[in-house]
Amino acid sequence: MVSKNDVFDINISSYGSEGEGVCKIDGYTIFVPGAAAGDLAEIKVIKALKNYGYGKLIKIISPSSDRCAPSCTAAGKCGGCSIMHLDYAAQLRFKRQKVADALKRIGGINIKVEDTVPSPHKVAYRNKISLPVSFENEKITAGFFAQGSHRIIPSDGCILQMPFCKDIVASVISYMKKNDVTPYSEETGKGTIRHIFIRSGFHSGEIMVV
């Protein structure tokens, strides 16, 4: 029987719907964020439910061939990207399998799903961003929520967003400081700015800031 705080050396066999690694111990399924299929890893069980559990990646004993070094410094902390530790080919295979699983398991449709079409742009392709804003360590901070929380991971520029977003966010925060415009606080219910929202038009070249 698997219990909370148990530690195992285990092979990661596949992926969950959110990109977390999946392993099985005597038929019991454990989801491990940050693990890659093919990893031999040391994991610690942090939650053990009746039919499945969640684990924490402690150490990679032997890495998967799908694994790569994330190109973002916030990878693993920010809740925005769950498969940044996979190389691009593995990311495409994961996305294809996610569609196939949804059709088969949820929709009851058993058809062939074609390979995911790769994009010519692996970074700096997203034209919309919404960053929560708060006070962190006595200063105004914008970033992304950590996975499963409302704790902000500061970001000096997401590599998936258009490069100009970084300068716009810096300008908004500078304006807030100069004009005493405060971030909204979930604890007190006071403050003005909850998010900085940016959207750009690929064809028009226009940028909207909210």
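Look above for the structure.
Owing to the predicted nature of the structure, the values given are computational and were not obtained by experimental measurement.

Participant: Let's hear about a nonpolar patch on the surface: which residues, and what values?
Facilitator: On the surface, a cluster of nonpolar side chains totalling about 330 Å² of accessible area is made up of I46, L49, Y52 and Y54. Assignment of secondary structure puts I46 in strand β5 (residues 40–48). Overall, I46 belongs to the partly exposed group, its relative accessible area being 43%.

Participant: Which residues make up helix α1 (residues 88–106), and what values go with them?
Facilitator: Helix length check: α1, at 19 residues, gives a terminal C-alpha distance of 26 Å against a target of 27 Å (1.5 Å per residue), a fit within 8%. Taken together, the buried positions of α1 are A90, Q91, L92, F94 and A100. Those residues of α1 hidden inside the fold are in contact with β2 (14–15). Residue G108 follows α1 closely and has a positive phi angle near 70 degrees.

Participant: Kindly report on unusual backbone geometry, identifying the contributing residues and their values.
Facilitator: With a phi angle near 80 degrees, N5 is a residue other than glycine that sits in the positive phi range. Counting through the fold element by element, N5 comes out in the segment before β1 (7–11). Judged by its relative accessible area of 46%, N5 falls in the partly exposed class. Not every positive phi belongs to a glycine, and A124 is a case in point at roughly 55 degrees. A residue is classified by how much of its surface remains accessible, and A124, at 28% relative accessible area, is partly exposed.

What counts, and at which threshold
- Residues numbered from 1 in each chain as written.
- Predicted model: local features only at pLDDT ≥ 70, side-chain atom pairs only at ≥ 80, totals over all residues.
- Heavy atoms only, no water.
- Patch = residues over 30% accessible without salt bridge, like charges linked within 9 Å, V, L, I, M, F, W, Y side chains within 5 Å.
- Areas by Shrake-Rupley, 256 points an atom, 1.4 Å probe, with all protein chains shown as cover.
- Salt bridge = Lys/Arg side-chain N within 4 Å of Asp/Glu carboxyl O.
- Helix = DSSP H or I, 4+ residues; strand = E, 2+ residues; numbered from the N terminus.
- Buried < 20%, exposed > 50% of the residue type's maximum accessible area, 1.4 Å probe, protein only.
- Expected span 1.5 Å × (residues − 1).
- Contact = heavy atoms within 4.5 Å.

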